[in-house]
Amino acid sequence: MAFIYHLHFDIGMDRARELEVGSSLERSLGYLRSLLPGEIGFVTSRAGYSVNLEDRINIFFESVWETWDDVEAHRRSSLLEDAVLGEFTEGVMPDSVKTRVYREVD
């Protein structure tokens, strides 16, 4: 069984350029995807954004972990998605970021 750490937040349509290759938000998401594989218990990650909303863009990042202990260790890590995005992405405020942890259905 795996556990999924899911984070999502919205940005306005006026900030869509931040998702282009090489922009701050795109770089931060890529940075997370390249560093997380070094964490104990890490399985995989993915990121994406909505393409069907007219007034905003919803962005998500998910990381998958082997055990609950791995999720707990990740939540104490400096690589926690909330912290990395808040530190390296201008305008993504901690109160706009929503997180949930899911258990995969066997």
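Since the structure is predicted, the reported quantities are computational estimates derived from the model, not experimental observations.

(A) Structural detail: the pattern of salt bridges. All told, the structure shown has 4 salt bridges when counted by the stated rule. Residue glutamate 62 pairs with arginine 46 through a salt bridge whose shortest N-O separation is 3.0 Å. Note that glutamate 62 is positioned in strand β3 (residues 56-65) and arginine 46 in strand β2 (residues 42-49), a separation of 16 residues in sequence. On the basis of relative accessibility, which here comes to 15%, the residue glutamate 62 falls in the buried class. Across the salt bridge formed by arginine 75 and glutamate 72, the nearest N and O atoms sit 3.5 Å from each other. One end of the pair, arginine 75, and the other, glutamate 72, are both in helix α2 (residues 68-75), 3 residues apart, so they sit about a helical turn from each other.

(B) Structural detail: α2. Considered for burial, the residues of α2 that qualify are Asp70, Val71 and His74. Taken end-on, α2 shows its buried residues confined to a sector of 100°, consistent with a single buried face.

(C) Geometry of the environment of leucine 19. Position of leucine 19 relative to the elements: it lies in the loop between β1 (3-12) and α1 (24-35). On the basis of relative accessibility, which here comes to 13%, the residue leucine 19 falls in the buried class. On a C-alpha basis, the gap between leucine 19 and leucine 29 in space is 9.4 Å, while along the polypeptide they are 10 residues apart. Excluding anything up to four places from it in sequence, leucine 19 contacts Ile11, Leu25, Glu26, Tyr49, Ile57 and Ile59.

(D) Main features of the pairing of β1. With 7 of 10 residues buried, β1 lies mostly within the body of the structure. Note that β1 and β3 share 10 bridges and pair antiparallel. Across the sheet, phenylalanine 3 pairs through a bridge with tryptophan 65, a residue of β3. Where β1 lies against strand β4 (residues 98-103), 6 bridges are found, and the strand directions are antiparallel. Bridge pairing in β4 links histidine 6 to arginine 100.

(E) Representation of α1. Here α1 contains 12 residues, and its C-alpha end-to-end distance of 16 Å stays within 8% of the 16 Å for a straight helix at 1.5 Å per residue. Looking only at α1, the buried set comprises Leu25, Ser28, Leu29 and Leu32. The buried side chains of α1 occupy one side of the element, clustering within an arc of 95° when seen end-on. Facing away from the buried side of α1 by more than 90 degrees, the exposed set consists of Arg27 and Ser34.

(F) Looking closely at the packing of aromatic side chains. Throughout the structure, instances matching the rule amount to 2 aromatic pairs. Ring centres 5.5 Å apart and planes at 65° place the aromatic pair phenylalanine 3 and tryptophan 68 in the edge-to-face group. Of this pair, phenylalanine 3 sits in strand β1 while tryptophan 68 is found in helix α2, placing the two residues 65 residues apart along the sequence. On the basis of relative accessibility, which here comes to 12%, the residue phenylalanine 3 falls in the buried class. The class for tryptophan 68 is partly exposed, based on a relative accessible area of 38%. A ring pair is formed by phenylalanine 42 and tryptophan 65, whose centres lie 5.5 Å apart and whose planes are at 75°; its orientation type is edge-to-face. Placement of the pair is phenylalanine 42 in strand β2 and tryptophan 65 in strand β3, with a sequence separation of 23 residues. An identical accessibility class is assigned to phenylalanine 42 and tryptophan 65; each is buried.

Thresholds applied
Residues numbered from 1 in each chain as written. Predicted model: local features only at pLDDT ≥ 70, side-chain atom pairs only at ≥ 80, totals over all residues. Heavy atoms only, no water. Salt bridge = Lys/Arg side-chain N within 4 Å of Asp/Glu carboxyl O. Helix = DSSP H or I, 4+ residues; strand = E, 2+ residues; numbered from the N terminus. Buried < 20%, exposed > 50% of the residue type's maximum accessible area, 1.4 Å probe, protein only. Arc of directions from axis to C-beta. Contact = heavy atoms within 4.5 Å. Pairing = 2+ DSSP bridges. Expected span 1.5 Å × (residues − 1). Phe/Tyr/Trp six-rings, centres within 6.5 Å; stacked < 30°, edge-to-face > 60°.

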